Amino acid sequence: MPGGCAISIPIMENSITKTSVLKANLPEWLPIILGLLVLYVPTLYDLINGLWATEGQAHGPIIFALSIWLIFRQWRGMMEKSEGKPTSHVGWVIFVIALLQYILGRSQQIMLFELSSFIWMLAAILLIKRGSRALKVMWFPLFFMLFMIPLPGTIVSALTMPMKMAVSYVTANILFWAQYPIARNGVILQIGQYQLLVADACAGLQTLLTLESLGLFYLNVVRHTSAFRNIVLAILIVPISFAANVIRVITLTLVTYYFGDEAGQGFLHGFAGMVLFLSALILILGIDALLQYFVKMRADKYLHPAK
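Notes on the structure in this doc start here. Since the structure is predicted, the reported quantities are computational estimates derived from the model, not experimental observations. Throughout, residues of each chain are indexed from 1 in the direction in which the sequence is written. It should be noted that, the model being predicted, local features are given only for residues of pLDDT at least 70 and side-chain atom pairs only at 80 or more, the latter also being counted only at that level, while totals for whole chains, interfaces and linings use all residues. Side-chain numbers come from the whole structure's heavy atoms, not from hydrogens or water.

## Description of the packing of aromatic side chains
Each aromatic ring pair is described using two quantities: the centre-to-centre distance and the angle formed by the ring planes.
Stage number 1. When two rings of Phe, Tyr or Trp (its six-membered ring) have centres within 6.5 Å they constitute a pair, described as stacked for plane angles under 30 degrees, edge-to-face for angles over 60, and tilted for the intermediate range. Counted according to the given criterion, the structure contains 17 aromatic pairs.
Stage number 2. Ring plane angle 85° and centroid distance 5.9 Å describe the contact between Phe143 and Phe147, whose orientation is recorded as edge-to-face.
Stage number 3. Take Phe147: its relative accessible area is 13%, and that puts it in the buried class.
Stage number 4. Taken together through their ring pairs, the aromatic side chains of Trp69, Trp139, Phe140, Phe143, Phe144, Phe147 and Phe217 make up a single cluster.
Stage number 5. Here, a charge over a ring means that NZ of Lys or CZ of Arg falls within 6 Å of the ring centre while also lying within 35 degrees of the ring normal. The ring of Trp29 carries Lys129 above its face, with NZ or CZ at 5.6 Å from the centroid. Exposed residues in this analysis have more than 50% of their type's maximum accessible area, buried residues have under 20%, and partly exposed residues fall in between, with area computed by a 1.4 Å probe over protein chains only.

Spelled out as structure tokens, the structure:
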């Protein structure tokens, strides 16, 4: 099939080129990779068996894996654009700060310092090895990693309560409008004979940040040429995240109402988490499609003005 060959060959060549570039640079970067593994494999082990195993931080390994994929994806471009460019001595300053931050975080068991030092360490290595141009190419994967860093509990608590109140209010009003026997007292929903507490994991700050990261990742991967489309979609990620949270709480409430408390707190509670991400993704894709249609209409109007 001519069409199939025309599509598959560039993809295969692109994949082979990326792999060959990595192999060519492996001797230079292998000692650095081994050093990072020695430092941060224990950190990852602690996270996987601790913080990342909790519902509120379950997005951490996903963010980490996507960040590594983004670095791999942009590695060839980083090497090409930084070829022959001067390195930066600022990288050594950042390296020392990152190392001190790691030592403090590891010794005092402060995961905020220990995990964030990994991002600073990567930035320092890029500056030392390839200069500021390399850091400019890799800025988004490093920025994206910020979403996996656990925030202090005081900040989370202060920002989570207003969000839970808002989600509870919207959920109660939507279900009341749909003729369900529901009432609300703060963040507690009473539907039929059941009471549901809107917990931090259902409508908290971490959930919002997770959905924000999903939207930003989508924007970085698709890379629209229209600035208007990118800006509007980036702004709408916040209300999309809120709407996805409301859909999740509504799903949990209805599951509890129809199937009982055990179903709501059991397997279907985890399934509601999938509903959260699926609804957010569908909303992002739907709004992006509308924006594409709007941008196309504007372009057609500009190219073919009405007489």
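## Comments concerning the sheet that holds strand β2 (residues 188-191)
Strand pairing in a sheet takes place through backbone hydrogen bonds and is either antiparallel or parallel in direction.
Stage number 1. When DSSP locates at least two bridges between a pair of strands, those strands are taken to pair. What counts as a helix is a DSSP run of H or I of at least four residues, what counts as a strand is a run of E of at least two, and both are numbered from the N terminus. Spatially, the three strands line up as an open sheet ordered β1-β2-β3, and their pairing is antiparallel. Whereas interior strands pair on both sides, the edge strands pair on one side only; in this sheet they are β1 (182-185) and β3 (194-197). Between one strand axis and the next, the sheet turns through 20° on average, direction left out of account.
Stage number 2. Inspection of the sheet shows β1 paired to β2 by four bridges, in the antiparallel sense. Opposite Asn185, over in β2, you have Ile188 as the bridge partner.
Stage number 3. Together, β1, β2 and β3 form the strand contacts of helix α10 (residues 227-259), whose direction differs from that of β3 by roughly 155°. Axis definition: a line fitted to C-alpha atoms, limited for helices to the stretch in contact. Angles are taken between N-to-C directions and run from 0 to 180 degrees. Whether two residues are in contact is decided by their heavy atoms, any of which lying within 4.5 Å being enough.

## Details of unusual backbone geometry
Stage number 1. Located in the positive-phi region is Gln109, a residue other than glycine, with phi close to 55°.
Stage number 2. With respect to the helices and strands, Gln109 occurs in the loop between α3 (90-108) and α4 (111-129).
Stage number 3. On the accessibility criterion, Gln109 (73% relative accessible area) is exposed.
Stage number 4. The phi dihedral of Gln179 is positive, around 70°, even though this residue is not glycine.

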